[in-house]
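Summary of the model geometry
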Amino acid sequence: VVSFSASQNNDKVGLIFFSDKIELFIPPKKGKSHVLRIIRELIEFKPENKKTNLEVALRYLTNVIKKRSIVFLMSDFYAETNYSDAIKIANKKHDLVSLRIVDKTEQELPEVGLVKLKDNESGNLFWVDTSDKIFRKKFRENHFRFEKELNENFTRCGIDATKIYTHESYIKPLMNLFKKR
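Residues numbered from 1 in each chain as written. Predicted model: local features only at pLDDT ≥ 70, side-chain atom pairs only at ≥ 80, totals over all residues. Heavy atoms only, no water.

**A word on the overall build of the protein chain**
To keep it simple, the criterion reads: The secondary structure listing takes helices from DSSP runs of H or I that are at least 4 residues long and strands from runs of E that are at least 2 residues long, numbered from the N terminus. Contacts between residues were defined by any pair of non-hydrogen atoms, one from each residue, lying within 4.5 Å. For the area figures, the Shrake-Rupley method with a 1.4 Å probe applies, and any residue is considered shielded solely by the protein chains shown. By the counting rule applied here, Lys and Arg register as positive and Asp and Glu as negative, while His and the ends of each chain are not counted. By convention, the point assigned to a charge is CZ for Arg, NZ for Lys, CD for Glu and CG for Asp.
When its secondary structure is counted, the protein chain shows six helices and seven strands. Overall, the protein chain shows an N-to-C arrangement of helices and strands of α-β-β-α-α-β-α-β-β-β-α-β-α. Judged by the C-alpha coordinates and their principal axes, the protein chain covers about 55 × 35 × 30 Å. Put simply, of all contacts in the protein chain between residues at least 6 apart along the chain, 64% involve residues at least 24 apart. A total accessible area of about 11,800 Å² is found for the protein chain, and carbon and sulfur atoms account for 53% of it. For the protein chain, the distance from the average site of its 34 positive side-chain charges to the average site of its 25 negative ones is 6 Å.

**Brief notes about helix α3 (residues 54-64)**
Keep this limit in mind: Relative accessibility decides the category of a residue: with a 1.4 Å probe and only protein chains considered, values under 20% of the type maximum give buried, values over 50% give exposed, and everything between is partly exposed. The directions considered for the arc run from the helix axis to the C-beta atoms.
Among all positions in α3, only L54, A57, L58, L61 and T62 are buried. Each buried residue of α3 lies within a common arc of 130° when the element is viewed along its axis, so the set occupies one face.

**Some remarks on the pattern of salt bridges**
Note the threshold: We count a salt bridge whenever a side-chain nitrogen from Lys or Arg sits within 4 Å of a carboxyl oxygen from Asp or Glu.
By the definition in use, this model includes 11 salt bridges. Here K88 makes a salt bridge to D85, at a shortest N to O gap of 3.9 Å. Residue K88 and its partner D85 are located together in helix α4 (residues 84-93), separated by three residues, close to a single helical turn. Among the salt bridges present, the one from E147 reaches R100, with a minimum N-O distance of 2.7 Å.

**Points about unusual backbone geometry**
Phi is positive for N10, which is not a glycine, with a value near 60°. Along the chain, the position of N10 falls in the loop between α1 (2-8) and β1 (13-18). The phi torsion at F77 lies on the positive side, around 70°, for a residue other than glycine. Within the element layout of this structure, F77 appears in the loop between β3 (70-75) and α4.

**A short note on the environment of K29**
Mapping K29 onto the fold places it in strand β2 (residues 22-29). Along the primary structure K29 and N120 are separated by 91 residues, whereas in three dimensions their C-alpha atoms are 33 Å apart. Leaving out residues up to four positions away in the same chain, K29 has contacts with D11, K12, V13 and H34.

Right, here's the structure in full:
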């Protein structure tokens, strides 16, 4: 959607896929065929690694894209490494916009009893008792603490941000973001 919007404005569009390394870089270009290539890559892409390092992606961005650009950073922003300095640097060089992808179960676990979960980055499996009220409360508190820190960091850096929930349409959050900008 962002690519088609940029293409209609005759803007260049590029793409960086990253994990804990740069997986694929498509340099910015204009044109419908280029946008279609980006969409094809989005559909077919299989990452080599499962870990996430936003700092690696942001440093790569600031080194490889020389001209000031509007950059949409799409992520859940969960990462083991601290990337706040890299975000500050990237936003000074470019106009960074956060599109945070959120699943509602990341905010509050449903009470469904004993559940086996997998950490996608480490591959570790573990059991969680979602009927445990104390556990669910701590889970919710941890999420909102993370969210508060992330939003404060975005505000401090002057980054426009929106959340896109996986169970809802992305159209309204994007429209509100563009109106705000």
